[in-house]
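# Chain and residue survey
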Amino acid sequence: MSINIPGAAATSSGASAAPASAQVPDAHGRFGQFGGRYVPETLVYALDQLESEYGKAQADAQFQAELDELLKNFVGRPSPLYHAKRLSEQVGGAQIWFKREDLNHTGAHKINNTLGQALLTLRMGKTRVIAETGAGQHGVATATACAHFGLPCVVYMGEEDIRRQSPNVFAMKLLGAEVRPVTSGSRTLRDAINEAMRDWMATVADTHYILGSVVGPHPFPRIVRDFQSVIGREAIEQCTERLGRLPETVVACVGGGSNAAGMFYPFVEHGDVELVGVEAGGRGNQPGDHASPLTYGSPGVLHGSFSYVMQDEDGQTSPVHSMSAGLDYPGVGPEHSYWKDTGRVAYTSCEDGGAMKAFDACAAAEGIMPALESSHAVAKAMELAKGRKRDEVILVCLSGRGDKDASEIARLKGVKFG
Amino acid sequence: MSAIDELFAKLRAAGRKALMPFLTAGDPDLEFTAAVLKELVARGASMCEVGIPYSDPIADGPVIQASYTRALDKGVKLRDILTMLGETAPQLSAPVVTMVSYAIVYRHGVEKYCDEAAAAGLAGLIVPDLPVDESPALAAVCAARNLSLIQLITPTTPRERALKICETSTGFVYYVSVAGITGERTALPPELIDNVGWLREQTKLPICIGFGISQPEHVKLLSPVADGLIVGSAIVRRMAADAPREQKLTDVGEYVASLLAALD
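Residues numbered from 1 in each chain as written. Chains lettered and ligands numbered in written order. Predicted model: local features only at pLDDT ≥ 70, side-chain atom pairs only at ≥ 80, totals over all residues. Heavy atoms only, no water.

## Topic: empty space enclosed by the protein
For the coordinates displayed, the defined rule picks out 7 cavities of 30 Å³ or more. Roughly 310 Å³ of internal volume is contained in the largest cavity. Around the largest cavity, the lining is made up of 30 residues, and of these His109(A), Lys110(A), Ser258(A), Gly326(A) and Glu373(A) lie nearest the centre. When grouped by side-chain class, the residues that make up the lining of the largest cavity number 9 nonpolar, 17 polar and 4 charged. Computed from the structure, the second largest cavity encloses a volume of approximately 230 Å³. At the level of elements, β11 (298-302) of chain A together with α3 (62-73) of chain B are the ones that each hand at least two residues to the lining of the second largest cavity. (1 Å grid on protein atoms, 1.4 Å probe; cavity = no way out; pocket = protein on both sides within 12 Å on 5 of 7 lines; lining within 4 Å. Points joined across faces, edges and corners; volume = space filled by probe spheres on them. Nonpolar A, V, L, I, M, F, W, Y, C, P; charged D, E, K, R; others polar. Helix = DSSP H or I, 4+ residues; strand = E, 2+ residues; numbered from the N terminus.)

Rendered as structure tokens:
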């Protein structure tokens with residue numbers, strides 16, 4: 001038997017790697033060397049069942065038709081493509097355009113995935129849903145999908161995130177979901193995923209875990225990417241129609257990386273389009289001050305998948321920080337690690353302060369309050385636009401709206417609010 | 001033959017069963033871990049399972065999670081755990097295995113981890129987040145060092161897959177009593193005995209049952225169908241009690257003695 005230890009020959013630069021393929025993952029859930037399935041045996045059955053059901057659903061025209069109908073009339077897709085003219089003028093350079101996922105029902109891209117997975121839940125004959133949430137957007141989107149289909153829903157959320165995203169906590173409760181506070185570890189997204197996995201260990205027979213990002217064990221990174229790819233497919237269609245061509249550059253923020261994966265994936269084979277992923281730079285580049293595993297981390301295992309992760313020399317997950325709850329995560333989806341090592345996507349990071357400035361600029365110039373997560377992408381787009389030609393186009397995935405962040409922004413700015 | 005193979009050959013010849021206590025390394029410190037290991041074996045534990053604290057243990061319930069968190073908060077390092085085991089294991093008449101996340105094994109280096117485990121006199125590994133499909137590489141490295149790589153079968157494992165796991169597991173096969181996380185339970189699932197009975201007919205490998213086992217009644221009920229039983233949270237909880245160390249050592253020892261009395 002040949003010994004093939006994933007990552008044994010890992011390089012952190014993509015210099016010698018083969019070009020990125022869109023034909024990933026393979027049958028073992030591998031994106032190059034990344035991905036796989038590092039979970040307790042108890043969960044393997046549920047993952048196999050999900051993989052098999054997803055395969056059947058993909059081949060079922062009725063499934064796709066039902067999802068398309070929901071995306072159109074329940075979510076409000078296609079989401080608009082918007083030219084942020086005043087912001088572009090203020091920056092002075094390339095044109096900045098937004099893919100308006102913030103205008104979706106529930107205010108973010110997360111609903112694209114939760115509706116798809118809720119349909120899979122019903123197809124598998126499961127009667128209960130669990131989910132994790134960081135910023136609360138995935139929690140709200142899951143609670144919404146569950147209310148729509150009459151499925152009971154439990155959302156795990158770290159105590160720290162419950163504090164900083166309280167409007168979404170209340171929304172989940174209004175939608176009929178039970179929000180279970182997670183008090184272990186860092187009390188953020190990472191711990192919420194641990195707790196959801198533990199619930200699932202005991203409930204796999206009747207419960208589906210609607211994981212909200214392109215992370216976790218196979219087949220989640222693939223399924224979530226596929227459901228989110230509607231973002232990139234629409235963007236290609238809209239750019240072709242409105243601009244007569246594709247943008248020069250596409251920018252998205254990366255926590256676990258679901259909006260970025262959905263935006264980038266359809267562009268992967270358009271090799272002349274530059275793709276830029278923006279991680280949370282937090283307070284700075286010291287360990288514990290940021291949440292940028294692709295920029296500062298190393299390959300390892302977290303939450304069932306082999307990918308870049310912030311870890312210490314023993315493989316213990318390191319503390320991370322971002323002012324944005326949705327990016328405050330030490331790991332990242334395995335396909336992003338693959339895109340990093342193949343060089344297809346350039347990953348960079350944006351600090352809290354830069355993202356906050358972009359939020360302010362966007363609100364003032366465009367009348368659009370982006371989510372703090374999406375503000376990281378806006379900041380990078382503004383930086384890239386400067387000094388570029390005025391006929392160049394930078395497309396930003398505006399993954400969510402900032403209403404949920406109002407009280408946290410007030411706190412960060414030291415403003416008394418409400 | 002690994003030390004575990006030898007142990008079960010001996011136990012089977014004598015018509016006896018194994019009891020494998022689990023304890024967390026470094027909770028509250030490695031000196032105490034070594035003392036408890038010696039006490040457990042002195043009381044008659046057949047082998048010991050040492051949990052390497054991990055920051056994100058998905059398969060563990062609140063008791064073991066909390067013990068990992070306490071140990072990590074005190075700064076326990078893998079290097080120090082392996083040093084302690086290297087000093088302690090050779091003094092014990094029972095094999096010692098580590099329960100360790102693949103995140104740790106991978107980060108340390110798969111070959112390096114196994115080299116150091118073998119050098120420390122350990123008998124094998126249980127890697128709870130490395131299902132059989134992902135395990136061939138580690139299995140080959142373990143085999144080359146005469147370390148057992150113990151794999152798990154759970155109530156959700158389809159029977160065909162269980163056969164595949166039996167083919168690749170070495171030392172023994174770990175049958176997880178319940179679909180769920182670790183932790184003491186009063187009642188065990190009624191179908192457990194039948195499931196283990198079925199597995200018994202499929203493999204010559206020793207079968208040890210773990211998860212949820214904490215009472216002498218469980219031991220009485222399960223020891224006829226298994227080759228061994230694994231007890232974790234009940235021990236970790238006693239080790240974490242708010243009591244002087246000597247007292248805790250005696251409590252853990254007496255507790256294990258009560259389980260051993262129910263074993264044969």
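## A short note on the packing of helix α8 (residues 159-168) of chain B against helix α9 (residues 192-202) of chain B
Residues and elements named next belong to chain B. As a packed pair, α8 and α9 sit with axes 11 Å apart at the nearest point and diverge in direction by 50 degrees. Comparing their axes, α9 and α8 come out oblique. Read as a crossing pair, α8 and α9 show a hand that is right-handed. Residues Arg159, Ala162, Leu163 and Cys166 of α8 pack against Asn195, Trp198, Leu199 and Gln202 of α9. Class assignment of the residues belonging to the contact of α8 with α9 gives a composition of 5 nonpolar, 2 polar and 1 charged. (Axes fitted to C-alpha atoms, helices over the stretch in contact; angles between N-to-C directions. Parallel < 35°, antiparallel > 145°, perpendicular 65-115°, else oblique. Left-handed = near helix turned anticlockwise from the far one by under 90°. Contact = heavy atoms within 4.5 Å.)

## Here's the deal with the packing of helix α14 (residues 352-366) of chain A against helix α15 (residues 372-385) of chain A
Residues and elements named next belong to chain A. Relative orientation of the contacting elements α14 and α15 amounts to 85 degrees, with a least axis distance of 7 Å. Judged by the inter-axis angle, α14 sits roughly perpendicular to α15. Residues Asp352, Gly354, Ala355, Met356, Ala358, Phe359, Ala361 and Cys362 of α14 pack against Leu372, Ser375, His376, Val378, Ala379 and Met382 of α15. For the contact of α14 with α15, the residue count by class is 10 nonpolar, 3 polar and 1 charged.

## Description of the interface of chain B and chain A
The interface is formed by 39 residues belonging to chain B together with 40 residues belonging to chain A. Of the roughly 3300 Å² buried between chain B and chain A on both sides combined, carbon and sulfur atoms contribute 55%. Ranking the residues of chain B by area buried against chain A places Ile58(B), Tyr106(B) and Arg107(B) at the top, with a combined share of 23%. Counting across the chain B and chain A interface gives 5 salt bridges. Note that Asp56(B) and Arg190(A) form a salt bridge whose closest N and O atoms lie 2.7 Å from each other. (Buried area = accessible area lost by both parts, 1.4 Å probe. Salt bridge = Lys/Arg side-chain N within 4 Å of Asp/Glu carboxyl O.)

## Concerning the nonpolar core
Phe267(A), Trp339(A), Leu138(B), Phe172(B) and Tyr174(B) are the most contacted members of the largest nonpolar core, which has 200 residues in total. Here this core takes 8 residues from helix α12 (residues 245-263) of chain B, the largest share from any one element. Ignoring anything within four residues of it in the chain, the contact list for Trp339(A) reads Ala20(A), Ala261(A), Phe264(A), Tyr265(A), Val268(A), Arg344(A), Val345(A) and Tyr347(A). Of all hydrophobic cores here, the second largest spans 36 residues; its members include Ile96(A), Phe98(A), Ala361(A) and Ala385(A). (Core = buried A, V, L, I, M, F, W, Y, C linked by side-chain atoms within 4.5 Å. Buried < 20%, exposed > 50% of the residue type's maximum accessible area, 1.4 Å probe, protein only.)

## Section: the pattern of salt bridges
All names here are of chain A. Inspection of the entire model under this criterion finds 47 salt bridges over all chains. Note that Glu101 and Arg77 form a salt bridge whose closest N and O atoms lie 2.7 Å from each other. Of this pair, Glu101 sits in the loop between β4 (95-100) and α4 (110-123) while Arg77 sits in the loop between α2 (61-75) and β3 (81-83); the two residues are 24 residues apart in sequence, bridging distant segments of the chain. Arg77 matches Glu101 in its accessibility class, with the two residues each being buried.

## Thoughts on the confidence of the model for chain A
All names here are of chain A. In the predicted model, chain A carries a mean pLDDT of 95, and the fraction of residues at 70 or more is 95%. Put simply, helix α6 (residues 159-164) is where chain A has its lowest mean pLDDT, 90, and strand β9 (residues 249-253) is where it has its highest, 99. Confidence drops under pLDDT 50 across residues 8-16; counting only partners more than four residues distant or on other chains, this segment forms 14 contacts. (pLDDT = per-residue confidence, 0-100.)

## Describing the sheet that holds strand β13 (residues 345-351) of chain A
All names here are of chain A. The 6 strands are arranged β3-β4-β14-β9-β10-β13 in an open sheet whose pairing can be described as mixed. Two strands close off the open sheet at either side, each with one partner strand: β3 and β13. If you compare each strand with its neighbour and ignore which way they point, the axes differ by 30 degrees on average. Examined bridge by bridge, strand β10 (residues 274-282) and β13 share 7 bridges and lie parallel to one another. Each bridged residue has a counterpart across the sheet, and for Ala280 the counterpart in β13 is Cys350. On the sheet, helix α10 (residues 230-243) packs against β3, β4 and β14 (393-398) and is oriented at approximately 135 degrees with respect to β4. Sitting on the sheet, α14 touches β3, β4, β10 and β13, and the angle it makes with β13 is about 90 degrees. (Pairing = 2+ DSSP bridges.)

## Section: the environment of Leu92(B)
All names here are of chain B. For Leu92, the position within the fold is in the loop between α4 (78-88) and β3 (96-99). The exposure class of Leu92 is buried, given its relative accessible area of 13%. Spatially, the C-alpha atoms of Leu92 and Lys38 are 6.7 Å apart, while their sequence positions differ by 54 residues. If we ignore the near neighbours within four places in the chain, the residues touching Leu92 are Leu37, Lys38 and Val41.

## A closer look at the side chain of Ser298(A)
Among the structural elements, Ser298(A) can be located in strand β11. Within polar-contact distance, the side chain of Ser298(A) engages the side chain of Gln311(A) at 2.9 Å. Separated by 3.1 Å, the side chains of Ser298(A) and Arg107(B) make a polar contact. The residues touching Ser298(A), leaving out its near neighbours within four places in the chain, are Pro293(A), Ser307(A), Tyr308(A), Val309(A), Gln311(A) and Arg107(B). (Polar contact = N/O pair within 3.5 Å; in protein donor to acceptor, adjacent residues only side chain to side chain.)

## Considerations on the sheet that holds strand β1 (residues 18-24) of chain B
All names here are of chain B. Sheet architecture is closed into a barrel: 8 strands sit in the order β1-β2-β3-β4-β5-β6-β7-β8, paired in parallel fashion. Adjacent strand axes in the sheet meet at a mean angle of 25 degrees when their direction is disregarded. The pairing of β1 with strand β8 (residues 228-231) spans 4 bridges and is parallel. Bridged to Leu19 within β8 is Leu229.

## Focus: the packing of aromatic side chains
Counted by the stated rule, this structure contains 14 aromatic pairs over all chains. Aromatic side chains Tyr54(A) and Phe227(A) sit 5.8 Å apart centroid to centroid with 80 degrees between the ring planes, which places their arrangement in the edge-to-face category. Pair noted here: Tyr54(A) is in helix α1 (residues 41-58) and Phe227(A) is in helix α9 (residues 220-228), with a separation of 173 residues, a long-range link. Three or more aromatic residues joined by ring pairs make a cluster, and in this case those are Phe34(A), Tyr38(A), Phe306(A), Tyr308(A), Tyr102(B) and Tyr106(B). (Phe/Tyr/Trp six-rings, centres within 6.5 Å; stacked < 30°, edge-to-face > 60°.)

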